[in-house]
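The lines below spell out each chain.
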Amino acid sequence: MIDARNIVPQHRERIYIVGFKDPIAFEFPTFPDLKPKLKDILDDTVAAKYTLTDHLWTYLQNYAEKHKAKGNGFGFGLSNLDGVTRTLSARYYKDGSEILIPQPDKNPRRLTPRECARIMGYPDTFKIVCSDTRAYKQFGNSVAVPVVEKIAESLITQLKHPIKRDDTCYNLRLF
């Protein structure tokens, strides 16, 4: 299990599996803590359509309060700009409640699709050629690109210089 939070400003734990036909001693790479901050991937100016309406903001606050009174943890996530966010989900298009960006003297806002791409580690050159709804679903279902890149680099290196094993034991490492 690898948490991408050291590379992108998002808490995103995922299980990565690497398999080989022949036994090869594979080691998952280590990931440096780049101490990413949410504020580093945010746009300076954002269209007003991403700011929550008064109606939606009131609903989310009431919903959170109702569940808090029942002892549940449901509610919205007002993000710390100097930290990492919750996991971006494919349902983000619905109301964006799990990752809300505070704004001075305004209701909070959702991430833009471009900011969602950045929080997943996509470069700004990545073209978003679909609607916001589709983009939110796709980025919410994505893997963190820098994690997969680093695993692929390690995989290629170890395939070029394999360490054969005589038994069928594989190295498993939990992060």
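Above this text is the structure in question.
Residues numbered from 1 in each chain as written. Predicted model: local features only at pLDDT ≥ 70, side-chain atom pairs only at ≥ 80, totals over all residues. Heavy atoms only, no water.

**Concerning the overall build of the protein**
Inference 1: Looking only at helices and strands, the protein has five helices and four strands in total.
Inference 2: In the protein, the succession of helices and strands from N to C terminus is β-β-α-α-β-β-α-α-α.
Inference 3: Overall size of the protein, expressed as C-alpha extent along the three principal axes, is 65 × 40 × 30 Å.
Inference 4: Counting across all 175 residues of the protein, residues that qualify as buried make up 37%.
Inference 5: Nonlocal contacts in the protein, meaning residues at least 24 apart in sequence, comprise 67% of its contacts between residues at least 6 apart.
Inference 6: If you sum the accessible surface of the protein, you get close to 10800 Å²; carbon and sulfur atoms cover 54% of it. (Helix = DSSP H or I, 4+ residues; strand = E, 2+ residues; numbered from the N terminus. Buried < 20%, exposed > 50% of the residue type's maximum accessible area, 1.4 Å probe, protein only. Contact = heavy atoms within 4.5 Å. Areas by Shrake-Rupley, 256 points an atom, 1.4 Å probe, with all protein chains shown as cover.)

**Let's talk about the nonpolar core**
Inference 1: Counting 18 residues, the largest nonpolar core has Leu 88, Tyr 92, Leu 111, Cys 116, Ile 119 and Phe 139 as its most contacted members.
Inference 2: Of all the secondary-structure elements, those providing two or more residues to this core are helix H3 (113-119) and helix H4 (132-140).
Inference 3: Residues in contact with Leu 111, not counting those within four places in the same chain, are Leu 42, Tyr 50, Tyr 92, Ile 99, Ile 101, Cys 116, Ile 119 and Tyr 136.
Inference 4: Judged by nonpolar contacts, the second largest core, of 13 residues, contains Ala 4, Phe 20, Phe 26 and Phe 28. (Core = buried A, V, L, I, M, F, W, Y, C linked by side-chain atoms within 4.5 Å.)

**Details of helix H5 (residues 145-160)**
Inference 1: Counted at 1.5 Å a residue, the expected span for H5 with its 16 residues is 22 Å, and the 23 Å between its end C-alpha atoms agrees.
Inference 2: Every buried residue of H5 is listed here: Val 145, Pro 146, Val 147, Ile 151, Ser 154 and Gln 158.
Inference 3: Contacts made by the buried residues of H5 are with strand S1 (2-3). (Expected span 1.5 Å × (residues − 1).)

**Let's talk about the side chain of Thr 85**
Inference 1: You can see Thr 85 is positioned in the loop between helix H1 (54-69) and helix H2 (92-95).
Inference 2: Sequence-distant contacts of Thr 85, defined by excluding residues within four places in its chain, comprise Pro 9, Gln 10, His 11, Leu 38, Ser 79, Ile 99 and Ile 119.

**Looking at a nonpolar patch on the surface**
Inference 1: Among the surface-exposed residues, Met 1, Ile 15 and Ile 17 lie close enough to one another that they form a single nonpolar patch of about 360 Å² accessible area.
Inference 2: Position of Met 1 relative to the elements: it lies in the segment before S1. (Patch = residues over 30% accessible without salt bridge, like charges linked within 9 Å, V, L, I, M, F, W, Y side chains within 5 Å. Salt bridge = Lys/Arg side-chain N within 4 Å of Asp/Glu carboxyl O.)

**Side note on the side chain of Arg 12**
Inference 1: Counting through the fold element by element, Arg 12 comes out in the loop between S1 and strand S2 (13-14).
Inference 2: Within the buried set, Arg 12 has no salt-bridge partner at all; the shortest N-O distance to an opposite charge, 8.4 Å, is to Glu 98.
Inference 3: Contact partners of Arg 12, with chain neighbours within four places excluded, come to Ile 2, Asp 3, Ala 4, Thr 87, Leu 88, Met 120, Phe 139, Gly 140, Asn 141 and Ser 142. (Lys, Arg positive; Asp, Glu negative; His and termini not counted.)

**Points about unusual backbone geometry**
Inference 1: Non-glycine residue Lys 35 carries a positive phi angle of around 50°.
Inference 2: The topology assignment puts Lys 35 in the loop between S2 and H1.
Inference 3: Phi angles above zero are rare outside glycine, and Asp 105 is one such case at about 60°.
Inference 4: Tracing the chain through its elements places Asp 105 in the loop between strand S3 (101-103) and strand S4 (106-109).

**Some points on the packing of aromatic side chains**
One pair of aromatic rings is described through two measures. These are the centre distance and the angle between the planes.
Inference 1: All chains considered together, the criterion is met by eight aromatic pairs.
Inference 2: When the ring of Tyr 92 is compared with that of Tyr 136, the centres are 5.2 Å apart and the planes differ by 70°; the resulting orientation is edge-to-face. Within this pair, whereas Tyr 92 is found in helix H2, its partner Tyr 136 is found in helix H4, the two being separated by 44 residues in sequence.
Inference 3: Judged by relative accessible area, which is 2%, Tyr 136 ranks as buried. (Phe/Tyr/Trp six-rings, centres within 6.5 Å; stacked < 30°, edge-to-face > 60°.)

**Let's talk about the environment of Ile 151**
Inference 1: With respect to the secondary-structure elements, Ile 151 resides in helix H5.
Inference 2: Each C-alpha atom, one on Ile 151 and one on Glu 27, is 9.2 Å from the other, the two residues being 124 residues apart in sequence.
Inference 3: Once residues lying within four places of it in the same chain are set aside, the contact partners of Ile 151 are Ile 2, Tyr 16, Val 18, Phe 26, Phe 28, Pro 29 and Phe 31.

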